[in-house]
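Listed below, chain by chain, are the residues.
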Amino acid sequence: QVQLVESGGGLVQPGGSLRLSCAASGSIFSFSTMGWYRQAPGKQRELVAVITSGGSTNYADSVKGRFTISRDNAKNTVYLQMNSLKPEDTAVYYCNAGKGLATGWVNYWGQGTQVTVSS
């Protein structure tokens, strides 16, 4: 069973930075994509950033130029560096890992970590 454990969330002032980490229980080589999603109160979960096994990245328009996703295969960890944080970035951030199986695409989720941007 795959486990994803997020860390690094917290309270930060507008304009500040945080780095989220997502540690996988096994090798992340087996995942086609790894990414970060977020869900604010009363809103749907949305994609923030994704990185493929080949290193390609994609970002939500709202975070382009401010957030950077990266992966360390040796540590089985994916990171989300968040700079120039805004109050609207406040949400629970979830790590996601996805891969295709014979039965179809499978998604794995972490438990989430709270990010609060407030003065």
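Before reading on, note that the structure itself is shown above.
Quick summary incoming for the structure in this document. (Residues numbered from 1 in each chain as written. Predicted model: local features only at pLDDT ≥ 70, side-chain atom pairs only at ≥ 80, totals over all residues. Heavy atoms only, no water.)

### Describing the overall build of the protein chain
For the protein chain, the helix and strand inventory stands at zero helices and eleven strands. For 119 residues, the compact-globule estimate of 2.2 N^0.38 gives 14 Å, and the protein chain sits close to it at 14 Å. For the protein chain, the spread of C-alpha atoms along the principal axes amounts to about 45 × 30 × 25 Å. Out of the 119 residues belonging to the protein chain, those deemed buried represent 42%. For the protein chain, the share of sequence-separated contacts (at least 6 apart) that also reach a separation of at least 24 residues comes to 54%. Accessible surface, the protein chain as shown: approximately 6200 Å² in total, 48% of it carbon and sulfur. Positive and negative side-chain charges of the protein chain, numbering 10 and 6 respectively, have mean locations separated by a distance of 4 Å. (Helix = DSSP H or I, 4+ residues; strand = E, 2+ residues; numbered from the N terminus. Rg over C-alpha atoms; globule rule 2.2 N^0.38 Å. Buried < 20%, exposed > 50% of the residue type's maximum accessible area, 1.4 Å probe, protein only. Contact = heavy atoms within 4.5 Å. Areas by Shrake-Rupley, 256 points an atom, 1.4 Å probe, with all protein chains shown as cover. Lys, Arg positive; Asp, Glu negative; His and termini not counted. Charge placed at Lys NZ, Arg CZ, Asp CG, Glu CD.)

### Quick look at the pairing of strand S5 (residues 46-52)
Of the strand pairs in this sheet, strand S4 (residues 33-39) and S5 are connected by six bridges, and their pairing is antiparallel. For Tyr37, the partnering residue across the bridge sits in S5 and is Leu47. A loop of six residues connects S4 with S5, the two strands running antiparallel in sequence, and Gly42 in this loop sits at a positive phi of about 75°. In the sheet, S5 pairs with strand S6 (residues 57-59) via three bridges, with the strands oriented antiparallel. Looking across to S6, one finds that Ala49 is bridged to Tyr59. (Pairing = 2+ DSSP bridges.)

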